[in-house]
Amino acid sequence: MSAPAHTQTKPDLRAFLHGLPGVDRVGAEARAATLASRSIKTAAKQWALDMAISMIDLTTLEGQDTPGKVRALCAKAKRPDPADPTAPMVAAVCVYPDLAHVAAAELKGSGVHVASVATAFPSGRTSLEVKLADVKYAVSAGADEVDMVIDRGAFLAGDYQLVFDEIAAVKDACGPAGTAGQAGSAHLKVILETGELVTLDNVRRASWLAMLAGADFIKTSTGKVTPAATLPVTLVMLEAVRDFRDSHGRQVGVKPAGGIRTAKDAIRYLVLVNETAGEDWLDPRWFRFGASSLLNDLLMQRTKMMTGRYSGPDYFTLD
Amino acid sequence: MPKFEYAPAPESRSIVSLRESYGLFINGEFGPGVDGRAFKTISPATEEVLAEVTEAGPADVDRAVTAARKAYEHSWSAMPGRERAKYLFRIARIIQERARELAVLESLDNGKPIRESRDVDIPLVAAHFFYHAGWADKLEYAGYGPAPRPLGVAGQVIPWNFPLLMLAWKIAPALACGNTVVLKPAETTPLTALAFAEICQQADLPPGVVNIVTGAGETGRTLVEHPGIDKVAFTGSTEVGKQIARACAPTRKKVTLELGGKAANVVFEDAPVDQAVEGIVNGIFFNQGHVCCAGSRLLVQESVYSDVLASLRRRLATLRLGDPLDKNTDVGAINSAAQLAKIRELSEVGEAEGAQRWSPPCELPVKGFWFPPTIFTGVSQAHRIAREEIFGPVLSVLTFRTPAEAVEKANNTPYGLSAGVWTEKGSLILWMASRLRAGVVWANTFNKFDPTSPFGGYKESGYGREGGRHGLEAYLDV
Amino acid sequence: MSDPVSRSNGAAAARIAVRKTYKLYIGGAFPRSESGRSYVVTDQKDRFLANAALASRKDARDAVTAARKAFGGWSAATAYNRGQVLYRVAELLEGRRAQFVSEVRAAEGLTGRQGEAVVDAAIDRWVWYAGWADKLAQVRGSANPVAGPYFNFSLPEPTGVVAVIAPQASSLLGFVSVVAPAVVSGNTVVAVASERCPLPAVSLSEVLATSDVPDGVINVLTGRTAEIAPWLASHMDVNAIDLSGAASPLADDLAATAAENLKRVVKPGDEDWTLAPGLDRMLTYLETKTVWHPASN
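Residues numbered from 1 in each chain as written. Chains lettered and ligands numbered in written order. Predicted model: local features only at pLDDT ≥ 70, side-chain atom pairs only at ≥ 80, totals over all residues.

Student: Outline the overall build of chain A, listing residues and values.
Tutor: A tally of helices and strands in chain A yields 13 helices and 8 strands. The buried share of chain A, taken over its 319 residues, is 54%. The contacts of chain A with a sequence gap of at least 6 include a subset with a gap of at least 24, amounting to 73%. (Helix = DSSP H or I, 4+ residues; strand = E, 2+ residues; numbered from the N terminus. Buried ≥ 20, exposed ≤ 12 C-beta atoms within 10 Å, placed from the backbone. Contact = placed C-beta atoms within 7 Å.)

Structure below.
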């Protein structure tokens, strides 16, 4: 009989993660709700809308994706508003690895990043060998950002070491340390799949685990599981990156993904960032939205602020 | 220049229609006072005059008590509970319908942020009336015997910190139990009580069941000492509470008092830190610290002192102080010049006693009464700022080593209104709760109120409870 | 009722009324019986009132499914919220007072004054129950002073899905008196209306559908008591049953059937619905949970 998975974890990693301060869910939800009641209007709203657009990882992750679909999405990424060239570009396009080369070709020289999911997204249920091959495939196809999934089964079984080692190996496969952004090298977002972790204590532990293992970004969700991103979960992750920078001197980004559909939602997330981790994170380099339909709502709100009229879906492209 | 500057987000004042002057509400009607004396109520944020308000003299108080007695004997006490209930339900509904207007009025007159009056005060006011409406026809189940009777006419004096909410805490149970009332709101915050009088008219409440007499300390004293009332309910300072207790001692009036406090907010090393910091902030800066149950003493376990303080200071930097009607304001105005002077005085005492004073950088508006959120560290139990109620946004920070020491320090005060406990350990919460001599213990939360939850103090924080089944006792002849 | 409309030549033309269809109320919707059947409902003088849906065992099954689905949300709502929702129902009933007076009079053969008394009592009864939502825990719960370093408290919790065989004669007041005590504490209900006088209960469903009562919290079936009740009494996902509308020997059989999963049972009695109800129905549908927790430093 083999020992339970959690005893294979080095004792200090487990002790560290379990020694982190607990999260009182009622209190965390109340804090998130209070921040969500901030009223962001006029100039502040205009700034927030543009910032939110520039933070979007415009995403398509469907079995039915084709090169044509990806090309259309890339065109939108570079020019989100057909009627207004002053609208900012999004941060990245996010696709499956086998279409990364299409996105890379379309986005070359534009400044929009190519993000690819990897490691047997979304479930992550396969061997480490396959996961690493998936990562290398994505990077060599031109992805400069990789969104990996953690092994939630291992995490919930207490095998933190396995989760840690996998993240470290994936980080390695993304390219030499500190070279993200250079050719053949990608920055790593680690998807915690908070909907499956369920408790906020788990979210805090998984956040720290990912950061200790080398994550450049921690990301809430694959978007394939409900609940996906929520304000309380993102609050806990923002507290984690803030505390990690204080104790370890390294800044890590945060990406809520899935379920963020309206401009109002997006602005709430920006308020959360502003008053939790602080304004250093109010930058596409450190905060992203994993979303697709959000973009059009942001554009519609933006148009309304400029013209004074409520807009409609006919005036924006579907992709 | 912050990256993300929130633009002004003012709640519109136009929803409120202020009269130039208000009379007294006696026997279902607004009318002038006998002596023609009046005073002004101002906005503490801008010092502008909001309205002129009548000062009720002894003859006016007498008229009000007479009206209340008549209504008690002729219309209210004999009315079946289920009919009284329906009046209270009507009032609750109208409060909900006029919620935004009442919230704006409250913030104008009191100085508290609109977010608080909108999201906390007014919803609780409606809830209090709903809850007590349901008791009116169920008193035989309240645990006071098969047919508990009301007391008669209640004289009620309330403070300025939660004007309409304190009115609800007084009037709802009194009426539900079959009493009639004469209520005196605080002199600096009469406007929502006067709006409530209008609501009573809209609900067609029988005349004389509720009477509102505005005025200052004199009016309150006259009311409390009036021989025609059966019950005195007072919320305010311990000093005045003692005077009332003395004055009522030789009478057969039933008295309940809800007075001051100097609550300890105890943070253990295994507290959920981020939520504990929110709880500390909420505990002392909610409502500008104008809260009898405010967590004005932070007792933090020495082993986590520097981490907690660092988090706390960082958090205070995001508090927004300013126009109470701005929806993003967290800290509003101090209610009056007098209260501001008192806060300043005690803060100077704190410095003189050797504690270290700190506030986040804070721009104070030129007009109005303002005080920045302030922390004093290096405070010990012997310091005046650890013993005396400041009633402002000033936190005194002390340390402790063990749970037993925390309890000892928390209880080492003549007050006993509330306490906070922050730890992830359930057994410790319950152990602390059983030993804290405080009428309300908040564990991993703070400043939570509900009409079903009895509220009141031990020792010099007063006696009697408001809310819940226990709160009915104050208005029944049991 | 038709109103005469005057024409230019002075003669009046009768206005034809748009008559109501009386359907089942399940999961917030108004379906006809899946069996496609209906039955004739008459007044006390055997005059035709309407065809009401004749519910089948499958309708009963669907209603239980809807009630179970609704239970999670309704029992998790705050007591305050439940009280608010139920109070709103009373507001809507009050607004439709005239309609209900007319329906009850037609169903039960009452005079105008009697009809008004019944409807007023039904509305007031609903208000009485609404006000219990946030008080039951205080009256029924307790902190228990056990002999040890433990904090011990007892709390009432709703039992689950309650089947209600509503009184046969008292078509509105009786109906309210057996349904409200179940839902106030968070239970959900499948009610079988009076077989002879089902129409006021169906009109009440319309009030429920337009108030804030979530879909499935209250479901109303109309039809033959003897046909439907046994399916509810034997249903293993029903936690309690009120047999008020069942006469002997049916009631005894139903009680025996209900024992299969130990349903909590309210036995039929000779109840005067005009009298103030006590606590017993509410208490029957409440479980008591007692929790121990050590208190130590």
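Student: Quick one: what's the story with the overall build of chain B, residue by residue and with numbers?
Tutor: Assigned secondary structure in chain B consists of 15 helices and 18 strands. Projected onto its principal axes, the C-alpha coordinates of chain B cover approximately 65 × 50 × 35 Å. Split into buried and exposed, the 478 residues of chain B put 59% on the buried side. For chain B, the proportion of contacts with a sequence separation of at least 24, taken over those separated by at least 6, is 72%.

Student: Any chance you could break down the nonpolar core for me, citing the residues and the numbers?
Tutor: Core analysis: the biggest nonpolar cluster contains 247 residues, and Leu88 of chain B together with Trp126 of chain C have the highest contact counts within it. Ranked by residues supplied to this core, first place goes to helix H5 (residues 163–176) of chain B with 11 residues. Viewed by domain, this core spans two of them, domain 1 (13–259 + 459–475) and domain 2 (264–443) of chain B, each represented by three or more residues. Val23, Ala154, Cys174 and Met300 of chain A belong to the second largest nonpolar core, which has 106 residues in total. (Core = buried A, V, L, I, M, F, W, Y, C linked by C-beta atoms within 7 Å. Domains from an automatic or database assignment.)

Student: Provide a residue-level description of the sheet that holds strand S7 (residues 161–165) of chain C, including the pertinent values.
Tutor: In a beta sheet, neighbouring strands pair by backbone hydrogen bonds and run either parallel or antiparallel. Residues and elements named next belong to chain C. What the 5 strands build is an open sheet, ordered S9-S8-S7-S10-S11; its pairing is parallel. The sheet is open, and its two edges are formed by strand S9 (218–221) and strand S11 (264–266), each paired on a single side. Taken over all neighbouring pairs, the strand axes of this sheet differ in orientation by 15 degrees on average, direction set aside. Strand direction decides the pairing type here: S7 and strand S8 (residues 188–192), joined by 5 bridges, are parallel. Across the sheet, the residue bridging to Ala163 is Val190, located in S8. Its contacts with the sheet put helix H6 (residues 173–183) on S7, S8, S9 and strand S10 (240–242), and the angle it makes with S8 is roughly 165 degrees. Contacts from helix H8 (residues 225–234) reach S7, S8, S9 and S10, with the element oriented near 155 degrees to S8. (Pairing = 2+ DSSP bridges. Axes fitted to C-alpha atoms, helices over the stretch in contact; angles between N-to-C directions.)

Student: Quick one: what's the story with the arrangement of the chains, residue by residue and with numbers?
Tutor: With 2 pairs of chains in contact overall, the greatest share of contacts is found between chains A and B. Kept free of each other, chain A and chain C leave a smallest C-alpha distance of 15 Å between them.

Student: I'd love a proper account of the interface of chain A and chain B, names of residues and values included.
Tutor: With 24 residues of chain A at the interface, the matching set in chain B holds 21 residues. If you list the elements that add at least two residues to the side of chain A that touches chain B, you get helix H2 (25–36), helix H3 (42–54) and helix H12 (263–276) of chain A. Looking at which element gives the most residues to the side of chain A that touches chain B, the answer is H3 of chain A, with 5 residues. Each residue belonging to the side of chain A that touches chain B can be placed in one class, and the counts come to 11 nonpolar, 6 polar and 7 charged. (Nonpolar A, V, L, I, M, F, W, Y, C, P; charged D, E, K, R; others polar.)

Student: Pulling in residues and values, what's your account of the interface of chain C and chain B?
Tutor: Each side of the interface is counted separately: chain C has 19 residues, and chain B has 24 residues. Among the elements of the structure, helix H2 (79–95), helix H4 (112–130), helix H5 (136–140) and strand S12 (286–294) of chain C are those that each provide at least two residues to the side of chain C that touches chain B. A per-element tally of the side of chain C that touches chain B places H2 of chain C first, with 4 residues. Of the residues assigned to the side of chain C that touches chain B, the class counts are 9 nonpolar, 7 polar and 3 charged.

Student: How would you summarise the domain arrangement of chain B if you had to cite specific residues and measurements?
Tutor: All names here are of chain B. Here chain B is partitioned into domain 1 (13–259 + 459–475) and domain 2 (264–443). Every contact between the two is made by 22 residues of domain 1 and, on the other side, 25 residues of domain 2. Of all the elements in the fold, those that place two or more residues in the side of domain 1 that touches domain 2 are helix H3 (99–110) and helix H4 (114–135). Classifying every residue of the side of domain 1 that touches domain 2 gives 7 nonpolar, 7 polar and 8 charged.

Student: Pulling in residues and values, what's your account of helix H1 (residues 57–76) of chain C?
Tutor: Residue and element names in this part refer to chain C. The end-to-end C-alpha distance of H1, which contains 20 residues, comes to 29 Å, matching closely the 28 Å that a straight helix rising 1.5 Å per residue would cover. Along its length, H1 shows its largest kink, about 40 degrees, at Ala70. Of all the positions in H1, only Asp59, Ala60, Asp62, Ala63, Val64, Ala66, Ala67, Ala70, Phe71 and Trp74 are classed as buried. Against the buried residues of H1 lie S7, S8, S9 and H8. (Expected span 1.5 Å × (residues − 1). Bend = angle between axes of the 7 residues up to and from the residue.)

Student: An account of unusual backbone geometry is needed here, citing residue identities and associated values.
Tutor: One can expect most non-glycine residues to show negative phi and most peptide bonds to be in trans. Residues Phe121 of chain A and Pro122 of chain A are joined by a peptide bond in cis, for which omega reads 0 degrees. Among the secondary structure elements, Pro122 of chain A is positioned in the loop between strand S3 (113–117) and helix H6 (128–140). In this chain, Ser248 of chain C is followed by Pro249 of chain C through a cis amide linkage whose omega measures -5 degrees. Relative to the elements of secondary structure, Pro249 of chain C occurs in the loop between S10 and helix H9 (250–258). Despite not being glycine, Asn444 of chain B shows a phi value in the positive range, around 55 degrees.

Student: Can you explain the pairing of strand S5 (residues 49–54) of chain B? Please cite residues and give values.
Tutor: Residues and elements named next belong to chain B. The sheet contact formed by strand S1 (residues 21–22) and S5 spans 2 bridges and is parallel. Note that in S5 the partner of Ser21 across the bridge is Glu52. Bridge count between strand S4 (residues 38–42) and S5: 5 bridges; the pairing is antiparallel. Paired with Lys40 across the bridge in S5 is Glu52. In this antiparallel pair of consecutive strands, S4 and S5, the connection spans 6 residues, and Glu47 shows a positive phi of 65 degrees.

Student: So what's going on with the packing of H2 of chain A against helix H9 (residues 273–285) of chain B? Which residues, and what values?
Tutor: For the pair H2 of chain A and H9 of chain B, the least separation of the axes is 9 Å and the interaxial angle reads 60 degrees. Our classification of the angle between H2 of chain A and H9 of chain B gives oblique. Crossing of H2 of chain A over H9 of chain B shows left-handed handedness. Counting all contacts with H2 of chain A, which are made through Gly27, Ala28 and Arg31 of chain A, the residues of H9 of chain B involved are Gln275, Glu278 and Gly279 of chain B. (Parallel < 35°, antiparallel > 145°, perpendicular 65-115°, else oblique. Left-handed = near helix turned anticlockwise from the far one by under 90°.)

Student: Let's hear about the sheet that holds strand S5 (residues 142–143) of chain C: which residues, and what values?
Tutor: Residues and elements named next belong to chain C. Spatial strand order, S5-S6-S12: 3 strands in an open sheet with antiparallel pairing. The open sheet has two edge strands with one neighbour each: S5 and S12. Pairing of S5 with strand S6 (residues 150–158) involves 2 bridges; the strand directions are antiparallel. Of the residues in S6, the one forming a bridge with Ala143 is Phe153.

Student: Just give me the short version of the environment of Gly439 of chain B, but keep the residues and values in it.
Tutor: Along the chain, Gly439 of chain B falls in the loop between helix H14 (426–435) and strand S17 (440–443). In this structure, Gly439 of chain B is in contact with Gly416, Leu417, Ser418, Phe455, Gly456, Gly457, Tyr458 and Ser461 of chain B, ignoring residues within four places of it in sequence.

Student: Let's hear about the confidence of the model for chain B: which residues, and what values?
Tutor: Looking at chain B as a whole, its pLDDT mean stands at 97, while 100% of the residues score no less than 70. At the level of chain-chain contacts, confidence expressed as ipTM amounts to 0.93, with global pTM at 0.94. (pLDDT = per-residue confidence, 0-100.)

Student: Residues and numbers for the packing of helix H4 (residues 67–78) of chain A against helix H5 (residues 100–107) of chain A, please.
Tutor: All names here are of chain A. Viewed as axis vectors pointing N to C, H4 and H5 meet at an angle of 35 degrees, and their least axial separation amounts to 9 Å. Judged by the sense of rotation from one axis to the other, the crossing of H4 with H5 is right-handed. Taking contact as the criterion, the partners of Pro67, Val70, Arg71, Cys74 and Ala77 in H4 are, on H5, Val102, Ala103, Glu106 and Leu107. A class-by-class count of the residues in the contact of H4 with H5 yields 7 nonpolar, no polar and 2 charged.

Student: Tell me what's going on with the environment of Leu294 of chain A, and back it up with residues and numbers.
Tutor: Residue and element names in this part refer to chain A. Examined against the element boundaries, Leu294 turns out to sit in helix H13 (residues 294–307). Leu294 sits in the buried class, given 23 other C-beta atoms within 10 Å. Remark: the alpha-carbon pair of Leu294 and Ala266, spanning 28 residues in sequence, is separated by 8.0 Å.

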